[in-house]
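# Architecture and fold: a report
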Amino acid sequence: MISGFSTTMYAIVKNVTTPPRTSRDTVDPRSEILKNPSSIWSPNDVSERDSTPPHPPSLPHRLADPVPVVLGGTALWFLGFLVVLVVDRSNSTLIWTTLSGSLLGIIGYGVFYWQRRAARRGSRGAQQGLDDV
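Treat the numbers as computed from the prediction; the structure is a model and nothing was measured. (Residues numbered from 1 in each chain as written. Predicted model: local features only at pLDDT ≥ 70, side-chain atom pairs only at ≥ 80, totals over all residues. Heavy atoms only, no water.)

## Re the overall build of the chain
Looking only at helices and strands, one finds 6 helices and 0 strands in the chain. The linear arrangement of helices and strands in the chain, starting from the amino end, is α-α-α-α-α-α. Burial analysis of the chain (133 residues in total) assigns 14% to the buried set. Accessible surface, the chain as shown: approximately 11,700 Å² in total, 64% of it carbon and sulfur. (Helix = DSSP H or I, 4+ residues; strand = E, 2+ residues; numbered from the N terminus. Buried < 20%, exposed > 50% of the residue type's maximum accessible area, 1.4 Å probe, protein only. Areas by Shrake-Rupley, 256 points an atom, 1.4 Å probe, with all protein chains shown as cover.)

## Here we look at the packing of helix α5 (residues 67-87) against helix α6 (residues 92-121)
Each pair of packed helices can be described by the angle between their axes along with the distance between the axes. At a minimum axis separation of 8 Å, α5 and α6 run at an interaxial angle of 160 degrees. Taken together, α5 and α6 sit at an angle that is classed as roughly antiparallel. The hand of the α5/α6 crossing is left-handed. Of α6, the residues touching α5 (which contributes Val-67, Val-70, Leu-71, Thr-74, Trp-77, Phe-78, Gly-80, Phe-81, Val-84 and Leu-85) are Leu-94, Ile-95, Thr-97, Thr-98, Leu-99, Gly-101, Ser-102, Gly-105, Ile-106, Tyr-109, Phe-112 and Arg-116. (Axes fitted to C-alpha atoms, helices over the stretch in contact; angles between N-to-C directions. Parallel < 35°, antiparallel > 145°, perpendicular 65-115°, else oblique. Left-handed = near helix turned anticlockwise from the far one by under 90°. Contact = heavy atoms within 4.5 Å.)

## Focus on the confidence of the model for the chain
Residues at a pLDDT of 70 or more form 63% of the chain, whose mean pLDDT is 76. Mean pLDDT values over the elements of the chain span from 51, in helix α3 (residues 46-50), up to 94, in α5. (pLDDT = per-residue confidence, 0-100.)

This is the structure we're talking about:
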């Protein structure tokens, strides 16, 4: 009885683990992509295709500088904190949320200022690319 049971269980497991058989052809979508690459250049002009595309122009200084955004966001959190204190002092969730937003904005600006100073100083551990901003 046990030998018949184990044979039956083995047959069930063997049938479950066999890979499925399909009659459809398998297509590798990557090969289709490599055959027909999309590009902005015309396919007949090979000389343009070999050249590198131009780099986009850099942003103006006033748009690349994150200081106004960070200070503006921190000021808005602090203004929200003052409004919550005046309007709804009993809602402690709003008080702590706006206060923590203000404090995290101040801490975030401090870290940013510290990294920018280190980059201008030429410190090895500083982030790169902050001296332009």
